[in-house]
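# Structural features, examined
Here is how the chains run, residue by residue.
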Amino acid sequence: MEEYRIGNQVFLGENQPYLRPYLCRGEFSKAKIILAGINPATPIYPSELPLQEYCKLLQDYYSFMAYYKAYRKRENKPVLSRTRQGILSFVQWVEQELEVGVIESDICTYPTKSIKELNEVDSKFQKAGRELFWEMLCKSNANCLIIYGAMAFRGFLKLQEEKGEIIKEKNQDNEKLKEMKIEELGAKSPLFSIWIGKREIFVYAVRHFMYHGKTGASFGDLKRKLLQSYIKHI
């Protein structure tokens, strides 16, 4: 499978931040797990970086992280957010214990500094952000999608309903799923699977990774399930 190329699809206009479809420490085509939140929290604008430089940055994980840390330092914030710390810790665990790569993404790839700002973004840009996630998901070779946070999970259900033909379980009750607490969703995960072509993707929903910390002790159930189902699901 060819690598997924990032290009003009991330550009929405001179006054809009670039979309951010994914980050990946290894080869995109070889990653088996996608980790998805609600949306990126570091908006980068065309006035800050030309399109070609931005695309190049996204496809070099460590260069992006250096840019990200410098950006947060300029904003007088800790160089790593709690969420980023949790993601880094979990990705390292996956690479060591499961020996597969992880794609880091978001259900809506439109970046904002806060959820409040995301809610105020024009719906056409929010939809463009979801569509780019879907494009990335289709281009990937992942068989496991881990969605963190209740809002992100509801966002995925919205996207799934827009792409309804890929639902596997015909008796899946999205309205019931929307009402469940994230802890209950996590306990029942994997919740269902979806099909993209001949590829089956198992869907998990868990607590937000800002609660993961350095050790991820509270995410033990997820890790146990991944270890136990690795051969079968991935």
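I will try to describe carefully the structure that is included in this document. Everything numeric here is computed off the predicted structure, so don't read it as measured data.

## A word on the nonpolar core
Ranked by size, the top nonpolar core spans 55 residues in total, and within it F133, L145 and F156 carry the most contacts. Counting 20 residues, the second largest nonpolar core, distinct from the first, contains C144, I146, V206 and F209.

## Brief notes about unusual backbone geometry
With an omega of 0°, the peptide bond between S189 and P190 qualifies as cis. One can find P190 in the loop between α8 (182-188) and β5 (192-196). The phi dihedral of N76 falls on the positive side, at around 60°, and the residue is not glycine. Inspection of the secondary structure assignment puts N76 in the loop between α2 (61-74) and α3 (82-97). Despite not being glycine, E99 shows a phi value in the positive range, around 60°. Along the polypeptide, E99 turns up in the loop between α3 and β3 (101-106).

## Quick notes on the packing of helix α5 (residues 123-139) against helix α6 (residues 150-162)
Packing of α5 against α6 brings their axes to within 11 Å, and their N-to-C directions diverge by 75°. Between α5 and α6, the angle is such that the two are roughly perpendicular. Note on element contacts: α6 touches α5 through G155, F156, K158, L159 and E162, opposite R130, E131, F133 and W134. In terms of residue class, the contact of α5 with α6 is built from four nonpolar, one polar and four charged.

## Let's talk about the pairing of β3
Successive residues of a regular strand alternate their side chains across the two faces of the sheet. Taking burial as the measure, the six residues of β3 include five buried ones, the bulk of the element. Here strand β1 (residues 23-24) pairs with β3 via two bridges, running antiparallel. Note on β3: the bridge partner recorded for C24 is I103. Sheet topology places strand β2 (residues 31-37) next to β3; six bridges connect them, and they run parallel. Across the sheet, I33 pairs through a bridge with V102, a residue of β3.

Cut-offs and rules
- Residues numbered from 1 in each chain as written.
- Predicted model: local features only at pLDDT ≥ 70, side-chain atom pairs only at ≥ 80, totals over all residues.
- Heavy atoms only, no water.
- Core = buried A, V, L, I, M, F, W, Y, C linked by side-chain atoms within 4.5 Å.
- Buried < 20%, exposed > 50% of the residue type's maximum accessible area, 1.4 Å probe, protein only.
- Helix = DSSP H or I, 4+ residues; strand = E, 2+ residues; numbered from the N terminus.
- Axes fitted to C-alpha atoms, helices over the stretch in contact; angles between N-to-C directions.
- Parallel < 35°, antiparallel > 145°, perpendicular 65-115°, else oblique.
- Contact = heavy atoms within 4.5 Å.
- Nonpolar A, V, L, I, M, F, W, Y, C, P; charged D, E, K, R; others polar.
- Pairing = 2+ DSSP bridges.

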